[in-house]
2 protein chains.
Amino acid sequence: MKTYILDNEIKIFSYGEPIETEGTIKLNRKETFFEDELNVKYTNDKSSFSFKLREEDLVYGFGANLGGINKKGRTYKSYCTDDASHTEDKNALYGAHNFFMIIGDTCKGYFIDFPSEILYDVGFTDNSIFSVDIDGEDFEVYIIEGENPQVIISKFHQIIGTPYIPPKWGFGYFQSRWGYKNENEVREIYEKFKENEIPIDGIFLDLDYMEDFKDFTVSEERFGNLKELSSDLKNQGVHLVPIIDAGVKIEEGYDIYEEGIKGDHFCKDENGKPYIAAVWPGKVHFPDFMKEDTQRWFGLKYKVLTDLGIEGFWNDMNEPAIFYDETALNDAIESAYLSKGENLDAHTYFKLKDKFTQLSNKDQYYQSFYHELKEGKKKNHDVHNLYGYYMTKAAYIGLETLLERKRFLLISRASIIGMHKYAGIWTGDNSSWWSHLELNVRMMPSLNMCGFYYTGADTGGFGGECTGELLVRWMQFSVFTPLLRNHSAIGSKVQEPFSFEENTKERSKELIKSRYMLIPYLYSEYMKSISEKKLMFSPLTFEFPDKKLSDIEDQLILGSIMLTPVYFKNKKGRYVTLPQDMLEISFSENNIKTNLKREGIHYMDYSLDELKFYLRENSMLPYVEPSQNVKSMNIETLKVIGYIKDKARYDLYDDDGISLDIKEKYCTHIKVEYQNTDWVIDVKNTNPNIKEIEFYLYDSEGSLSQRTIKIK
Amino acid sequence: MKTYILDNEIKIFSYGEPIETEGTIKLNRKETFFEDELNVKYTNDKSSFSFKLREEDLVYGFGANLGGINKKGRTYKSYCTDDASHTEDKNALYGAHNFFMIIGDTCKGYFIDFPSEILYDVGFTDNSIFSVDIDGEDFEVYIIEGENPQVIISKFHQIIGTPYIPPKWGFGYFQSRWGYKNENEVREIYEKFKENEIPIDGIFLDLDYMEDFKDFTVSEERFGNLKELSSDLKNQGVHLVPIIDAGVKIEEGYDIYEEGIKGDHFCKDENGKPYIAAVWPGKVHFPDFMKEDTQRWFGLKYKVLTDLGIEGFWNDMNEPAIFYDETALNDAIESAYLSKGENLDAHTYFKLKDKFTQLSNKDQYYQSFYHELKEGKKKNHDVHNLYGYYMTKAAYIGLETLLERKRFLLISRASIIGMHKYAGIWTGDNSSWWSHLELNVRMMPSLNMCGFYYTGADTGGFGGECTGELLVRWMQFSVFTPLLRNHSAIGSKVQEPFSFEENTKERSKELIKSRYMLIPYLYSEYMKSISEKKLMFSPLTFEFPDKKLSDIEDQLILGSIMLTPVYFKNKKGRYVTLPQDMLEISFSENNIKTNLKREGIHYMDYSLDELKFYLRENSMLPYVEPSQNVKSMNIETLKVIGYIKDKARYDLYDDDGISLDIKEKYCTHIKVEYQNTDWVIDVKNTNPNIKEIEFYLYDSEGSLSQRTIKIK
């Protein structure tokens, strides 16, 4: 074991010979000596350590996983996994986010830099023990101390680097569906948005646009004029965002396949031949994204689509997901054949059935193909969690070049901490379940803790049947998440806002308009959160440190406001705990209703016809009139609602929203103070697009004053 | 269509030629003429009708199904189904409970008497439409009017008859696990209860006790001395409750199989040969329980076990569940064989995989075997929901004879309204999920509405891994459900109270002791509820009619008390709405803590170390000291806590708890009034076992007075 210390006093414990993961940015580490405070134990090439847990301790972290904000009482597996059934007994989703904090008498954060499987048992087997089992002996643990979770997070974010910044249009509304059959259908979908005057900034293209599921191909038959479609839509402010999968179809004459073979870009099996797995197109090879050469090659392939005017992508199936390989499929087929004519009892029947039901993503697949790293040849299993990362980094470096340092939209399904620098993530293939809306709410702070800010769930749910009520309730939350995408699976009920009852359509439309009114605020909060290294979505206790509030995981603080989503069906409202007096805002284009609510516990009405949230004391919320898309957004007249007992300050951040290298950062510093029975307003503005600011100021008793300030 | 009216003014609409279901008891129906207010439509041998739904309407009913107390926003399928994955998108569980109420401007209840599939879409597809699709043209609909839900329920229960009454020991604590390997293990389990002084009244025996999954056999090797075991345990007040499955193994020399063939007791395929399906033992025949002859034959077979001293049974797999039949299995095997060496793409791969994953309980199975009814030969599909009912009725009539009108424990997995007269139900193969604890809470009132009172969930969850915290939180609710059974599946974490951390064991023990303290009260509430035809577990709004309270589905009224279970992990408490001042009671053997809480909304602490509930205004709760089992329960000293502003009354019902024909019913009428600064207590008692009553009376300000009354 070696130990190091960083400038910000983070300790590093380095065990064995860790593989370089790019989980942290280049750090000026100084070797020094510490005792192994983790007391790591080794058995059979595995390592483990544990912590004592007391009933009052809180555990945070683990990013994209199930469970609440407090992680106690479950297990979590860090092993990027494609499992579309997110039931509450699962412990692995698509990401591997090895950062957690234990908050009790002391506050400590831990980041385990390791690319293979880790199992966390957070008081699950025994409520007093938090154990960590690492499938290897070569890893680093960063131990971060701080007086509270925010300090720890801030220090942690210093070492992992600044998160990905999407183009500003990435904050628009996105429609998606696996199953848009052809260009015409995409045009029709857009026309319906226009006809219904529902704002939109992009339409995602799922597998449907490809020829036989082949990466970097476009179906001539169904999407033969993609360039024209892309250009027509972009003229109206709408972007197409196609999907790219990890696996490359094995097919003679298919350029990507042939170049991959020629350039030696594919992962190998134990005999050194390109490894064959099967995914959507049937048999595929997996590019070995761990090789820089392959990253450059694959990254520049996005040119096929950027040449059509495309500026956004989603990288999918990059855990990598595997439907089957030949060995396992043959074994299942063989078992089936041997069962012919047999009287199968429960034992033999389930044994046979399991051969088929458990064909996908078997451990043995990840043990049977190899990557070439600078550290040498490694089994996928041993570096498993880096695969989606390097695919996405490949896309990033390709797009950076292809789009000449213009920003692009990039999200990935699989992820590891480190990937947050290059892309956002969506939370994977969820379902139209109320519990998945709840999961979305509770996951946001954990995602932020792990560096993922550009993120959101498939609103309305990907699999299964969404009701109008669920869509509206989900939208009431998703209008606040940086990535706002309604996406659904082929075969499920169609899920565009206008595919539901009239009242659902109208409600969705109003909610999307409200989203556009809030984009300047959300963009500002996003940019400030990542630059100030703080959460964009905070648990209530992070902002109002009162132990009693740690039970409350369904109220989130987002800058000036508190969100209180409803995530149960058939509800007219919900319980809300106000840790201080707040201004209740029912927000919409034509009628913003406010209501001063006093500190305490309430059952608050929250109907399907509104967007409700709470403005904190001495806080301000800027917004604008809604627009049809981000491109046509107009912030000449900025509006500001304030709830101010004595004084408040808001700094509205803005920039061109397009350049990767941000040259001009605009800031509008707004200070409002209540002095001698009147309001004193002080604005310092560098944003050339703002011409005036309309203030709606509520004092401690909820009385409203209006003021307008012209900007010189 | 014919129409009838009943004495209690229930209207009956009779369409086609309904099959006799025994869903209602013999009714004195008078033919009369009504317009078809349902406006039934017919297409392709199916019938449908619908209701308009307004946002403010409430829909109740559907018994054992998913969703909340208010049924809006989902679909429900009445088709007894064995599907162990109770995810929130499912719409059919083990029961078919076709009673529902629509409560809005008017209140109406509906009972559809029909034994095959019905699909309900309660504002799911369109939030303003509640549609009912009946897979047939022969059915009856009972329409029940009343000024409120309770009146409707009471009228409905008049026509379906009195629910099953278990022996009083059925209110004890039951331990169960699929996987108790042999007698020794069962003895050891019991010994651990004794050693830990945890009360217990029964141990359930799952498939393990049988020889090769054969009904009415006992493994010589593993349970060779079952009679001795049964007798030893019964001497200590502990009953064995073995499982019986629906399918009879096909095996030459196996008496049940041979008698079944000889007596022509099995369901036939379309060629008139006994239908072959496969379940646990491999290939089986299904007894045709619809034939009275077969009922008598099968019912008396329980003698094999009653002769060993057994007095309780659980009928399982009686939807009937089918793992596969030869045709479907061969088809799957054939597909597998044809896939050999093929490059399966997504389409062909999932097609093959689905052949295996979807082998269980295929629709086609239920279309391919037949029953003989007095109405003639019918496909199972057409009378599907009666199968579990008639199996259980068979057991009932057998046991009635075998046990000479002594009460017995009988629960079934499959059910239909009508079966409530002969047995209880457990809520099926749930999982160790927090959402299933929540489901359990919300399902109780619906089950009562449909006539099922002797019911409860597998506490701790059947499948999956239970944590100590989940077990304790579940127990905090289950100690109130008539059926209290901790049951878990083979392969899952062991789940007896002493299999967890020390504090979980201690907490469970205290909770089980509290259960035994409350048995006189729970038994009394049970018996009064069924005789007075009211719910035992009521939604809050049923007792406190305030529209605002209809959102609250997680507070239930059980007679004098209100239950407020915690069903989220990592919580120190929960929100509680008190519709009136109530006495908070933290209940336990050695320290009953009380706290007067005022009407309003609170966040109440509810720790893992207590059993908390609320005593209503002007109400009393009787209890006794804990005992090791029901047999040794002592009610000589009855204790009563009262929270009385002016006056209160409680009638404690009791009887011998054993006889099927209850001869002596005991009642202790307790009246307490606060008059001229003092308490006036009036007790009229016919219960010879009660010698004194200790009163703990809290007045409107929460001041306590103690009184003891000797009973002459």
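It should be emphasised that the depicted structure is a prediction, and the values quoted were computed from it without experimental measurement.

## Considering the interface of chain B and chain A
1) Next: Facing the 76 residues of chain B at the interface are 76 residues of chain A.
2) Next: Buried area between chain B and chain A, both sides added, is near 6200 Å², and the carbon and sulfur share of it is 53%.
3) Next: Ranking the residues of chain B by area buried against chain A places Glu88, Asp551 and Tyr575 of chain B at the top, with a combined share of 12%.
4) Next: Inspection of the chain B/chain A interface yields six salt bridges.
5) Next: The shortest N-O distance in the salt bridge between Glu334 of chain B and Lys340 of chain A comes to 3.1 Å.
6) Next: Our count for the chain B to chain A interface comes out at 46 residue pairs in polar contact (both at pLDDT 80 or more).
7) Next: Residue assignment for the side of chain B that touches chain A shows that the elements contributing at least two residues are strand 7 (74–78), strand 19 (282–285), helix 8 (326–339), helix 9 (346–357), helix 13 (434–449), helix 15 (502–532), strand 32 (573–578) and strand 35 (600–605) of chain B.
8) Next: The residue inventory of the side of chain B that touches chain A, partitioned by class, reads 27 nonpolar, 24 polar and 25 charged.

## Some points on the relation of the copies chain B and chain A
1) Next: Mapping chain B onto chain A leaves a residual RMSD of 0.0 Å; the transformation is a rotation of 180 degrees accompanied by 0.0 Å of translation along its axis. Such a combination of rotation and displacement between the chain copies is what one expects of a two-fold axis. Taking C-alpha positions as reference, the residue of chain B nearest the rotation axis is Thr357 of chain B, located at 2.8 Å.
2) Next: Both copies contact each other with a shared surface, as 100% of the interface residues of chain B are interface residues in chain A too.

## A closer look at the packing of aromatic side chains
Two measures describe an aromatic ring pair: the distance that separates the ring centres and the angle between the ring planes.
1) Next: Under the counting rule described, the total for this entry stands at 129 aromatic pairs over all chains.
2) Next: Centroid distance Trp280 of chain B to Phe323 of chain B: 5.0 Å. Interplanar angle 80 degrees. Geometry classified as edge-to-face. Placement of Trp280 of chain B in the loop between strand 18 (277–279) and strand 19 and of Phe323 of chain B in the loop between strand 20 (312–316) and helix 8 is noted, with a sequence separation of 43 residues between them.
3) Next: Relative to Tyr603 of chain B, the ring of Tyr575 of chain B has its centre 4.9 Å away and its plane inclined at 90 degrees; by these criteria the two rings are edge-to-face. In this pair, Tyr575 of chain B sits in strand 32 while Tyr603 of chain B sits in strand 35, placing the two residues 28 residues apart along the sequence.
4) Next: A cation sits over an aromatic face here: Lys214 of chain A above Tyr254 of chain A, 5.2 Å from the ring centre.
5) Next: A cation over a ring is seen here: Lys528 of chain A above Tyr650 of chain A, with NZ or CZ 3.9 Å from the ring centre.

## Some details on helix 5 (residues 255–262) of chain B
In an α-helix, one full turn covers 3.6 residues, which means residues spaced three or four apart are oriented alike.
Residues and elements named next belong to chain B.
1) Next: Within the sequence span of helix 5, burial applies to Ile256, Tyr257 and Gly260. An end-on view of helix 5 places all buried positions within 100 degrees of arc, on one side of the element.
2) Next: In this structure, the buried residues of helix 5 make contact with strand 17 (248–249), strand 19 and helix 6 (292–301).

## Here's the deal with helix 14 (residues 468–478) of chain B
1) Next: Of all the 11 residues making up helix 14 of chain B, 11 are buried; the element is thus mostly covered by neighbouring parts of the structure.
2) Next: Among the residues of helix 14 of chain B, those classed as buried are Gly468, Glu469, Leu470, Leu471, Val472, Arg473, Trp474, Met475, Gln476, Phe477 and Ser478 of chain B.

## Here we look at the pairing of strand 20 (residues 312–316) of chain A
Residue and element names in this part refer to chain A.
1) Next: Among the five residues that make up strand 20, five are buried, leaving the element largely enclosed by the rest of the structure.
2) Next: Taking every second residue as pointing to the same face, both faces of strand 20 are buried, with Gly312, Trp314 and Asp316 on one and Phe313 and Asn315 on the other.
3) Next: Here strand 16 (residues 239–245) runs beside strand 20; their pairing, made up of three bridges, is parallel. Counterpart to Ile244 in the pairing with strand 20 is Asn315.
4) Next: Sheet topology places strand 20 next to strand 23 (residues 409–412); four bridges connect them, and they run parallel. Across the sheet, Gly312 pairs through a bridge with Leu409, a residue of strand 23.

## A word on the UniProt feature "domain: Glycoside hydrolase family 31 TIM barrel" (unreviewed entry) in chain A
1) Next: With numbering matched to this structure, UniProt assigns "domain: Glycoside hydrolase family 31 TIM barrel" (unreviewed entry) to residues 163–524 of chain A.
2) Next: Annotation note: span residues 163–524 of chain A, helix share 41%, strand share 15%, distance between end C-alpha atoms 15 Å.

## Digging into the pattern of salt bridges
Residue and element names in this part refer to chain B.
1) Next: Evaluated as defined, the whole model comprises 111 salt bridges over all chains.
2) Next: Residue Asp609 is joined to Arg507 by a salt bridge in which the shortest nitrogen-to-oxygen separation is 2.8 Å. Of the two residues, Asp609 is situated in the loop between strand 35 and strand 36 (611–615) and Arg507 in helix 15; the sequence distance between them amounts to 102 residues.
3) Next: Residue class for Asp609 comes out exposed when judged on its relative accessible area of 57%.
4) Next: Of the charged contacts in the structure, one is a salt bridge between Lys639 and Glu625, with a shortest N-O distance of 2.7 Å. In this pair, Lys639 is assigned in strand 38 (residues 637–643) and Glu625 in the loop between strand 37 (619–623) and strand 38, connecting sequence segments 14 residues apart.

## Some details on the domain arrangement of chain A
Residue and element names in this part refer to chain A.
1) Next: When its domains are assigned, chain A resolves into domain 1 (2–160) and domain 2 (535–710).
2) Next: Between the C-alpha centres of domain 1 and domain 2 there is a distance of 35 Å.
3) Next: Between domain 1 and domain 2 the total buried area reaches about 740 Å² when both faces are included, carbon and sulfur atoms providing 65% of it.
4) Next: At the junction of domain 1 and domain 2, the tally comes to four residue pairs in polar contact (both at pLDDT 80 or more).
5) Next: Breaking the side of domain 1 that touches domain 2 down by element, the ones donating at least two residues are strand 6 (58–61) and helix 1 (149–160).
6) Next: A per-element tally of the side of domain 1 that touches domain 2 places helix 1 first, with three residues.

Rules used throughout
Once a new chain begins, its residue numbering starts again from 1 and follows that chain's sequence as written. Whichever chain is written first is A, and whichever ligand is written first is 1; the rest continue in order. The predicted nature of this model means local features are confined to residues of pLDDT at least 70 and side-chain atom pairs, given and counted, to a pLDDT of 80 or more, with totals for whole chains, interfaces and linings taken over all residues. To obtain the side-chain values, all non-hydrogen atoms of the structure were included, while hydrogens and water were left out. Contacts are assigned to residue pairs with any non-hydrogen atoms lying within 4.5 Å of each other. Once two parts are put together, the accessible area they lose, assessed with a 1.4 Å probe and summed over both, is termed the buried area. A pair is scored as a salt bridge if a Lys or Arg side-chain nitrogen falls within 4 Å of a carboxyl oxygen belonging to Asp or Glu. The term polar contact refers here to a pair of N or O atoms within 3.5 Å; inside protein, the definition further demands a hydrogen-donor-capable atom paired with an acceptor-capable atom, and it admits residues adjacent in sequence only when both atoms are side-chain atoms. Counting from the N terminus, the helices are the DSSP runs of H or I reaching at least four residues and the strands are the DSSP runs of E reaching at least two. Residue polarity is assigned by list, with Asp, Glu, Lys and Arg as charged and Ala, Val, Leu, Ile, Met, Phe, Trp, Tyr, Cys and Pro as nonpolar; anything else, Gly included, falls into the polar class. Residues reaching a pLDDT of at least 70 in both copies supply the C-alpha atoms on which the copies are superposed by least squares. Only Phe, Tyr and Trp rings take part, Trp by its six-membered ring, and two of them pair if their centres are within 6.5 Å. Stacked means planes under 30 degrees apart, edge-to-face means over 60, and tilted covers everything else. Geometrically, a charge over a ring is one whose NZ (Lys) or CZ (Arg) sits within 6 Å of the ring centre while staying within 35 degrees of the ring normal. For every residue, the accessible area obtained with a 1.4 Å probe (protein chains only) is divided by the maximum for its type, and the residue is called buried under 20%, exposed over 50%, and partly exposed between those limits. Summarising the geometry, the arc corresponds to the directions from the helix axis toward the C-beta atoms. Two strands make a pair as long as DSSP finds a minimum of two bridges between them. UniProt positions are given in the numbering used here, feature names are shortened, and annotations may be inferred rather than shown by experiment. The source of the domain bounds is an automatic or database domain assignment.

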